[in-house]
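Each chain is listed here by its residues.
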Amino acid sequence: MSAFNYKWILIVFVCFFLSCKNEETKPLLAINANDQSMFNNAIREHYFLALDSTSYYMQQIDTAQSLSKNKELFLKSREWYKRVEPMLIAYDYENYISMNAPNLLKVEIDDHTDIKKQKPKSFQVLEELLYSEEGYSNEDLNTVLEYLKIRIPFVRKNHILITQRDRHHLKMIRDAIVNVATKGITGFDSPMLANSLNEAVYNYETLQKVLDIYKAAFRDNTLYVHWKKEISSTIDDLQSANFDEFDRYSFIKLHTNTQLDLVDKTANDWGIELSQSRALDPKVTNLFDKNFFNMKMFSTQRAPDITEERIELGRQLFNDTDLSGSGTISCATCHIAEKAFTDGHKIAKGINGQDLQRNSPTLTYAVYQRSLFYDGRADGLEDQIVGVTNNENEFHIDLEKLEEKIQDKSVYKVQFDSLYDGKITDMNVRNAIATYIRSLAPFDSKFDRNMNNLEETMTTEEITGFNLFMGKAACATCHFPPAFNGTVPPKYMESEFENLGVPKNASFENPVLDDDWGQYYPYEVEEKKHFFKTSTVRNAELTGPYMHNGVYETLEEVVEFYNVGGGQGMGLDVPYQTLPPDSLHLTTTESKAIITFMKTLTDKRFEKEAIN
């Protein structure tokens, strides 16, 4: 054999050896519960692709072009934004909020000397400008475009998708599923086009891309196949109907809850645990499960565990008139259990029947509100109790005196000995009462029982009402499921306040704007005038009269108020109204169906009162 042949044999052998060595040393992609994910590079590539594409189409929008061309470019940019949205929610939440903010002035108040007022420059604002029937000014359009054209590349350049673990990516999938069900299919962020169903498809296509990246990580390949089939079926259903006709009831039952179950199974398959230190319990597999929220994250830090014994102590304190300065009222005076913890009065009554400032809100599900009182002046249940004790027309008692009154009762001393290490402090007293209030969120209404497949009793009208509530009527764009209050998904970190233009009288022909200025005080910010907390509609059948001033006696009046567009829709001058002033064009049949649905949200313990 010639030297030439030996040379080539040697070269081939060396190449083969090096190739095998490279294959042997190439790391296998696998789940790592205790270190950063091996899949970060692939996920980051998709993140960059989606952001770059969002920016590419945004950069081309220009006032010198035709409106139709700008609309076309907007829709393409918006499509790619929706493809990146699940990752933004997970890894850059502040920019997600900024780039997708509603077209409402944002006012941030730290103190009298630090008040920030910011006009949003977001996709929602851009949509309203481009699709407004009244047209737009080039100056307004350029202001929004300049921001987004700079912000999107900035987000890409300053990303933090570097050291995430596999549990972070799985939680990203879970949060996206919750976000679609609670906001995405409601029209929350597509106010003009109602393009929410198509945009939900883009979300799901990204989730499928992430799962494809993780395909090799599944120990049980049938689980991956189940995911593929489920997402494909979800997309088919989203594409099968228009916005007004979409069956959101079936979507949540058949898809959202199935996917939450798949997330839990995937966590088990991958051998990882999702964080328990967030607002939602990551192991719950139903949107309307009583444990969907992580109760601990809606309690004060280092608060003792919620037990039946502490709940019972809190119930006794809640009903004890001796705790008030006058000895004549208790918490239960304004929050009567049989009325779903309201009092049935237009305005709450204090000492000697004195009118208080506002209507008594229900305490049911109050635990899942980040701010208390209609004007949000309390940050939690324990804090809210301080406001009641200090009010001269309510308890009118200082906290030290409250402690003394409880110490004088031997029955309480025994309970505090066993439950609070014998420490009868105002904080422990407030915690006990707050613990009782936290127990008033059972999620066991007819609607919940049906959503949890415990019964199949929802009527066609009730389901229609839910679909209207979540769709055409836009109720769920402020009253977010599952608590149906103003605490915003998917993080549930803040509760919203709205200016609806509520009148002081119930006349739709000759309304007069209410003179309660709400969040205007204590900082006297004009743009916060008439803002009030978005309360829950759970148990609404029993909680009338309605609104902060009790102006409406019936749910029919409440629905009609929204149907006509609130105060502005009735012709009132409400400069900063957050409710769109346009009519919802609900028919009488549709309004009735919405009310029928709301009545399915009555907790089981109150169902007899509702019938009577």
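Residues numbered from 1 in each chain as written. Predicted model: local features only at pLDDT ≥ 70, side-chain atom pairs only at ≥ 80, totals over all residues. Heavy atoms only, no water.

Account for the overall build of the chain, with residues named and values stated.
Scanning the chain from terminus to terminus reveals 22 helices and 4 strands. Relative to the globule expectation of 25 Å for 612 residues, the C-alpha radius of gyration of the chain, 28 Å, shows essentially globular dimensions. Taken along the three principal axes of its C-alpha coordinates, the chain extends 115 × 65 × 55 Å. The long-range share in the chain, meaning contacts at least 24 apart out of those at least 6 apart in sequence, stands at 67%. Carbon and sulfur atoms make up 50% of the accessible area of the chain, which totals about 28200 Å². Charge-centre separation for the chain: the mean point of 66 positive side chains lies 6 Å from the mean point of 91 negative side chains. (Helix = DSSP H or I, 4+ residues; strand = E, 2+ residues; numbered from the N terminus. Rg over C-alpha atoms; globule rule 2.2 N^0.38 Å. Contact = heavy atoms within 4.5 Å. Areas by Shrake-Rupley, 256 points an atom, 1.4 Å probe, with all protein chains shown as cover. Lys, Arg positive; Asp, Glu negative; His and termini not counted. Charge placed at Lys NZ, Arg CZ, Asp CG, Glu CD.)

Go over the layout of surface pockets, please, and point to the residues and values.
The method is simple in principle: a probe with the dimensions of a water molecule rolls over the atoms, and the space it marks as empty is what remains. Its volume calculated, the second largest pocket comes out at about 880 Å³. Lining the second largest pocket we find 36 residues, and of these M295, K296, M297, F298 and S299 sit closest to its centre. Of all elements in the fold, only α13 (381-390) and α16 (426-438) reach the threshold of two or more residues within the lining of the second largest pocket. (1 Å grid on protein atoms, 1.4 Å probe; cavity = no way out; pocket = protein on both sides within 12 Å on 5 of 7 lines; lining within 4 Å. Points joined across faces, edges and corners; volume = space filled by probe spheres on them.)

I'd like to hear about the pairing of strand β2 (residues 114-118), residue by residue, with values.
Two faces, one strand: in a regular strand the side chains alternate between the faces of the sheet. For strand β1 (residues 106-111) and β2, the ladder comprises 5 bridges, and the chain directions are antiparallel. Along β2, the bridge assignment pairs E108 with K116. Here β1 folds back onto β2, and the loop between the two strands holds 2 residues. (Pairing = 2+ DSSP bridges.)

Outline helix α2 (residues 40-60), listing residues and values.
Helix length check: α2 (21 residues) gives 30 Å between terminal C-alpha atoms against 30 Å at 1.5 Å per residue, within 8%. Listing the buried residues of α2 in full gives N40, I43, R44, H46, Y47, F48, A50, L51, S53, T54, S55 and M58. Buried residues in α2 make contact with α3 (67-91), α5 (123-131), α6 (138-157), α7 (166-182) and α8 (196-213). (Expected span 1.5 Å × (residues − 1). Buried < 20%, exposed > 50% of the residue type's maximum accessible area, 1.4 Å probe, protein only.)

Before we move on, can you summarise the packing of aromatic side chains with the specific residues and values?
Using the criterion set out here, one finds 43 aromatic pairs in the structure. An angle of 80° between the planes, with centres 5.5 Å apart, marks the rings of F293 and F298 as edge-to-face. In this structure F298 comes out as buried when scored by relative accessible area, which is 7%. Following the ring pairs from residue to residue traces out a cluster consisting of Y249, F288, F447, F466, F469, F484 and F597. Cation over ring: R248 sits above F243, and NZ or CZ is 4.5 Å from the ring centre. Its end group placed over the ring of W517, K529 keeps NZ or CZ at 3.7 Å from the ring centre. (Phe/Tyr/Trp six-rings, centres within 6.5 Å; stacked < 30°, edge-to-face > 60°. Lys NZ or Arg CZ within 6 Å of the ring centre and 35° of its normal.)

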